[in-house]
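Listed below, chain by chain, are the residues.
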Amino acid sequence: MELDGRMNEIRAICVFCSSSQSVDELFKHTALELGRELGKKGIELVFGGASIGLMGCVARGVHEEKGRVIGVLPEIFTAKDIEYSEADELIVARDLRERKAVMDQRSDAFIVLPGGIGTYEEAMEILCMRQLHLTDKPLVFINTQGFYEGLHAIFEGMVDLKFAKPNILDMYAMVPDPHSALDYLFNYVPQPPDKKWL
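This one's a predicted model, so the numbers in the text were calculated from it and none came from an experiment.

A.B. asks: Is there a simple way to explain the overall build of the chain in this structure?
C.D. replies: Helices and strands together make up the secondary structure of the chain, namely 6 helices and 7 strands. In sequence order, the secondary structure elements of the chain are arranged as β-α-β-α-β-β-α-β-α-β-α-β-α. For 198 residues, the compact-globule formula gives about 16 Å, and the C-alpha radius of gyration of the chain, at 16 Å, lands near that figure. Taken over the C-alpha atoms alone, the chain extends approximately 45 × 35 × 35 Å along its principal axes. The buried share among the 198 residues of the chain stands at 47%. Partitioning the intrachain contacts of the chain with sequence separation of at least 6 by distance along the chain shows that 71% fall at a separation of at least 24. As displayed, the chain offers around 10,000 Å² of accessible surface, 53% of which is attributable to carbon and sulfur atoms.

Structure, rendered in structure tokens:
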């Protein structure tokens, strides 16, 4: 895919999010809303392949609007009977590292819903790749109920203490809802890389 004009060529979006069933219904509603919006726009969902938690909500939302769902499940989870069996394509990866690589390869952009350690780890790898100019695919966090405000504060602290350059704050967006996330992605224009290190 050409780097220029990406905003007109987003065909698949990877969504990182929680598999927890215990979270508040508002988080589930937001995930379902995001899935429905992807389905309405004809954007393929690439996600972690589980039927539970926010993962299941976003996948079901896509299917409610007749969209296409691609699940990528690590082999260690296949025995847990949590896969989203309705997926149009379900890929079983050898491990978590291969899973992330496949999700990256199959996606044109990334959306991060609230989640736990695994969700953070997936998002941080993409942010690190953006910092190293290994990808220019856009990354956006949906900040439901202020969930990611603490993370943003950590990044600001890194900049203040010279552990990161100020442009790290421009390598992602933080928005309140699915509509804002998709607006950001469809209007995203890659920035020229800053070749200077810290």
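A.B. asks: Please clarify how the pattern of salt bridges should be interpreted in this entry.
C.D. replies: One side chain can pair with another of opposite charge once the charged atoms of both are near each other. Counted according to the given criterion, the structure contains 11 salt bridges. One salt bridge in this structure joins Glu121 and Lys100, with 2.4 Å as the shortest N-O distance. Of this pair, Glu121 sits in helix α4 (residues 117-131) while Lys100 sits in helix α3 (residues 96-105); the two residues are 21 residues apart in sequence, bridging distant segments of the chain. One connected set of salt bridges, linked through shared partners, spans Glu44, Arg68, Glu89 and Arg106.

A.B. asks: How should unusual backbone geometry be read in this particular structure?
C.D. replies: Glycine aside, the phi torsion of most residues is negative, and most peptide linkages are trans. Here Asp81, not a glycine, exhibits a phi torsion of approximately 55°, which is positive. Looking at the element boundaries, Asp81 is found in the loop between β3 (69-74) and β4 (89-93). Taking relative accessible area as the criterion, Asp81 reaches 63% and is therefore assigned exposed. Phi angles above zero are rare outside glycine, and Lys162 is one such case at about 70°. Positionally, Lys162 belongs in the loop between α5 (149-160) and β7 (173-175).

A.B. asks: In this structure, what is going on with the state of the cysteines? I would like to understand it.
C.D. replies: All told, the structure shown has 0 disulfides when counted by the stated rule. Of all cysteine sulfurs in the structure, the one in Cys17 sits closest to Cys57, which takes part in no disulfide; the separation is 8.4 Å. Judged by relative accessible area, which is 10%, Cys57 ranks as buried. Between Cys128, a free cysteine, and Cys14, which holds the nearest cysteine sulfur, the sulfur-to-sulfur gap is 17 Å.

A.B. asks: Looking at this structure, how should I read the packing of aromatic side chains?
C.D. replies: Centre-to-centre distance and the angle between the planes together describe a pair of aromatic rings. In the structure shown here, the tally under the stated rule is 9 aromatic pairs. When the ring of Phe27 is compared with that of Phe147, the centres are 6.2 Å apart and the planes differ by 75°; the resulting orientation is edge-to-face. Of this pair, Phe27 sits in helix α1 (residues 25-40) while Phe147 sits in the loop between β6 (139-142) and α5, and the two are 120 residues apart along the sequence. Judged by its relative accessible area of 13%, Phe27 is buried. Given the relative accessible area of 32%, Phe147 is considered partly exposed. An aromatic cluster of three or more residues is present, and its members are Phe27, Tyr120, Phe141, Phe147, Tyr148, Phe155 and Tyr172.

A.B. asks: Got a minute to help me understand the layout of surface pockets in this structure?
C.D. replies: To find the voids left in a structure, one rolls a probe of water-molecule size over its atoms. Within this model, the second largest pocket holds a volume of roughly 310 Å³. Lining the second largest pocket are 21 residues, and of these Ser19, Met55, Phe77, Arg99 and Gly118 lie nearest its centre. Within the residue set of the lining of the second largest pocket, elements represented by two or more residues are α3 and α4. At 5 residues, the largest contribution of residues to the lining of the second largest pocket is made by α4. Here the lining of the second largest pocket is composed, by residue class, of 9 nonpolar, 7 polar and 5 charged.

A.B. asks: So what exactly am I meant to see when it comes to the sheet that holds β7 here?
C.D. replies: Paired through their backbone hydrogen bonds, the strands of a sheet run either parallel or antiparallel. Pairing is parallel across the open sheet formed by 7 strands, whose spatial order is β4-β3-β2-β1-β5-β6-β7. Unpaired on one side and paired on the other, β4 and β7 mark the two borders of the sheet. Taken pair by pair, the neighbouring strands of this sheet meet at an average axis angle of 25°, ignoring direction. Pairing of strand β2 (residues 44-47) with β3, which is carried by 3 bridges, proceeds in the parallel orientation. When the bridges of β3 are listed, Leu45 appears paired with Val69. Those strands touched by helix α2 (residues 53-64) are β2 and β3, and its axis lies near 165° from that of β2. Across the face of the sheet, α3 comes into contact with β1 (12-16), β2, β3, β4 and β5 (109-112) while running at roughly 160° to β3.

Cut-offs and rules
- Residues numbered from 1 in each chain as written.
- Predicted model: local features only at pLDDT ≥ 70, side-chain atom pairs only at ≥ 80, totals over all residues.
- Heavy atoms only, no water.
- Helix = DSSP H or I, 4+ residues; strand = E, 2+ residues; numbered from the N terminus.
- Rg over C-alpha atoms; globule rule 2.2 N^0.38 Å.
- Buried < 20%, exposed > 50% of the residue type's maximum accessible area, 1.4 Å probe, protein only.
- Contact = heavy atoms within 4.5 Å.
- Areas by Shrake-Rupley, 256 points an atom, 1.4 Å probe, with all protein chains shown as cover.
- Salt bridge = Lys/Arg side-chain N within 4 Å of Asp/Glu carboxyl O.
- Disulfide = S-S within 2.5 Å.
- Phe/Tyr/Trp six-rings, centres within 6.5 Å; stacked < 30°, edge-to-face > 60°.
- 1 Å grid on protein atoms, 1.4 Å probe; cavity = no way out; pocket = protein on both sides within 12 Å on 5 of 7 lines; lining within 4 Å.
- Points joined across faces, edges and corners; volume = space filled by probe spheres on them.
- Nonpolar A, V, L, I, M, F, W, Y, C, P; charged D, E, K, R; others polar.
- Pairing = 2+ DSSP bridges.
- Axes fitted to C-alpha atoms, helices over the stretch in contact; angles between N-to-C directions.

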